[in-house]
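Working through the structure, step by step
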Amino acid sequence: MIESDMETSAKEVKFAADRMLGKLVKWLRIMGQDVIYGQHLSGYGLIRTARMEHRLILTRDRKLKKKQPPDFILIESDDYRAQLRQVIQTCGLAPLDKAFSRCVECNLVLRPRPKAALEKAVPAYVFSTQENFSGCPGCGRIYWPATHHQRMIEELKNLESG
Ligand SMILES: [Zn+2]
């Protein structure tokens, strides 16, 4: 349950996660969700940023409620899969709809990168076997559908049905 009466639209929801939730953050970003996260995001820092940017807080801090935060989800489990499931169900997210559209490190939306420009940027094997590449406008990291991709898709599918 989101602890507020405010209606949250699944399509527009953005998150601010406290620093205990690193693995959950990574997986939400793999799903393409907008999640900010960092050392400065705890206690009042988290509340201030979430309020300013209209973000839904994800926290494991039971005491946060006393600080009069904006909307938040109290994450119950220690296990990232259970955490993900809780967020997906509470917010009505579709795990695969926007999957692999965001940089896992920077939280920025990836942009398509023409293959021709990447010959020196990726391993030769990848260049010769892959056609579709995207890049992060922040860190410059190049992404392509690789073997681990399939494992992640399986994992997300399991969450969807679970
Ligand atoms: Zn990046």
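Conventions used here
- Residues numbered from 1 in each chain as written.
- Predicted model: local features only at pLDDT ≥ 70, side-chain atom pairs only at ≥ 80, totals over all residues.
- Heavy atoms only, no water.
- Helix = DSSP H or I, 4+ residues; strand = E, 2+ residues; numbered from the N terminus.
- Buried < 20%, exposed > 50% of the residue type's maximum accessible area, 1.4 Å probe, protein only.
- Contact = heavy atoms within 4.5 Å.
- Lys, Arg positive; Asp, Glu negative; His and termini not counted.
- Charge placed at Lys NZ, Arg CZ, Asp CG, Glu CD.
- pLDDT = per-residue confidence, 0-100.
- Phe/Tyr/Trp six-rings, centres within 6.5 Å; stacked < 30°, edge-to-face > 60°.
- Lys NZ or Arg CZ within 6 Å of the ring centre and 35° of its normal.
- Donors = N, O, S within 2.8 Å, 3.2 Å for Na, K, Ca; no water.
- Tetrahedral: all angles 85-135°; square planar, octahedral: opposite > 155°, others 65-115°.
- Axes fitted to C-alpha atoms, helices over the stretch in contact; angles between N-to-C directions.
- Parallel < 35°, antiparallel > 145°, perpendicular 65-115°, else oblique.
- Left-handed = near helix turned anticlockwise from the far one by under 90°.
- Pairing = 2+ DSSP bridges.
- Salt bridge = Lys/Arg side-chain N within 4 Å of Asp/Glu carboxyl O.
- Polar contact = N/O pair within 3.5 Å; in protein donor to acceptor, adjacent residues only side chain to side chain.

**Re the overall build of the protein**
Within the protein one finds five helices and seven strands. Ordered by position from the N terminus, the helices and strands of the protein form the series β-α-β-α-β-β-α-β-α-β-β-α. Seen through its principal axes, the protein has C-alpha atoms that stretch 55 × 30 × 25 Å. A total of 162 residues make up the protein; the buried ones form 44% of that total. For the protein, the proportion of contacts with a sequence separation of at least 24, taken over those separated by at least 6, is 52%. Charge-centre separation for the protein: the mean point of 26 positive side chains lies 5 Å from the mean point of 19 negative side chains.

**As for the confidence of the model for the protein**
For the protein, the mean per-residue pLDDT works out to 89, and 91% of the residues sit at or above 70. Confidence drops under a pLDDT of 50 for residues 5-10, and excluding neighbours within four residues, the segment shows seven contacts in the predicted structure.

**With respect to the packing of aromatic side chains**
One pass over the full model with this rule turns up two aromatic pairs. Taking the centre distance of 6.1 Å and the plane angle of 20° together, the rings of Trp27 and Tyr80 count as stacked. Linking Trp27 in helix H1 (residues 22-30) with Tyr80 in helix H3 (residues 80-91), this pair joins segments that are 53 residues apart in sequence. In this structure, Trp27 and Tyr80 share a single accessibility class: buried. Above the plane of the ring of Tyr44 lies Lys67, whose end atom (NZ or CZ) is 5.4 Å from the centre. The side chain of Lys115 reaches across the aromatic face of Phe127, ending 4.9 Å from its centre.

**Details of the coordination of the zinc ion**
When a metal holds four donors in a tetrahedron, each ideal angle between them is 109.5 degrees; when it holds six in an octahedron, the ideal angles are 90 or 180 degrees. Bound to the zinc ion on the protein side are Cys103 (SG), Cys106 (SG), Cys136 (SG) and Cys139 (SG), at distances that span 2.3 to 2.4 Å. Considering all four donor atoms around the zinc ion, angles at the metal cover 104 to 113° and the coordination shape is tetrahedral. Counting gaps between the donor residues of the zinc ion yields the pattern C-x2-C-x29-C-x2-C.

**Some thoughts on the packing of H1 against H3**
Packed helix pairs are specified by the crossing angle of their axes together with the interaxial distance, meaning the distance between the axes. Where H1 meets H3, the closest approach of the two axes is 9 Å, and the angle between their N-to-C directions is 55°. It follows that H1 is oblique to H3 by the angle criterion. Considering only the axes of H1 and H3, their crossing is right-handed. Note on element contacts: H3 touches H1 through Tyr80, Gln83, Leu84 and Val87, opposite Lys23, Leu24, Trp27 and Leu28.

**Looking at the sheet that holds strand S7 (residues 142-143)**
Strand order across the open sheet formed by three strands is S5-S6-S7, with antiparallel pairing between neighbours. In this open sheet, the two strands that pair with only one neighbour each are strand S5 (111-113) and S7. Where strand S6 (residues 133-135) lies against S7, two bridges are found, and the strand directions are antiparallel. By the bridge assignment for S7, Gly135 is matched with Ile142.

**Concerning the side chain of Arg29**
Looking at the secondary structure, you find Arg29 in helix H1. For the buried Arg29, which has no salt bridge, the nearest side chain bearing the opposite charge is Glu105, at an N-O separation of 6.3 Å. One polar contact links the side chain of Arg29 to the main-chain carbonyl oxygen of Glu105, over a distance of 3.3 Å. Aside from chain neighbours lying at most four places away, what touches Arg29 is Val35, Ile36, Tyr37, Arg102, Cys103, Val104, Glu105, Cys106 and Asn107.

**Focus: helix H2 (residues 43-52)**
For H2, every residue scored as buried is listed here: Gly43, Gly45, Leu46, Ile47, Thr49 and Ala50. Contact partners of the buried residues in H2: strand S1 (15-17), strand S2 (35-36) and strand S3 (56-59). Looking one or two residues past H2, His54 carries a phi angle of roughly 50°, positive in sign.

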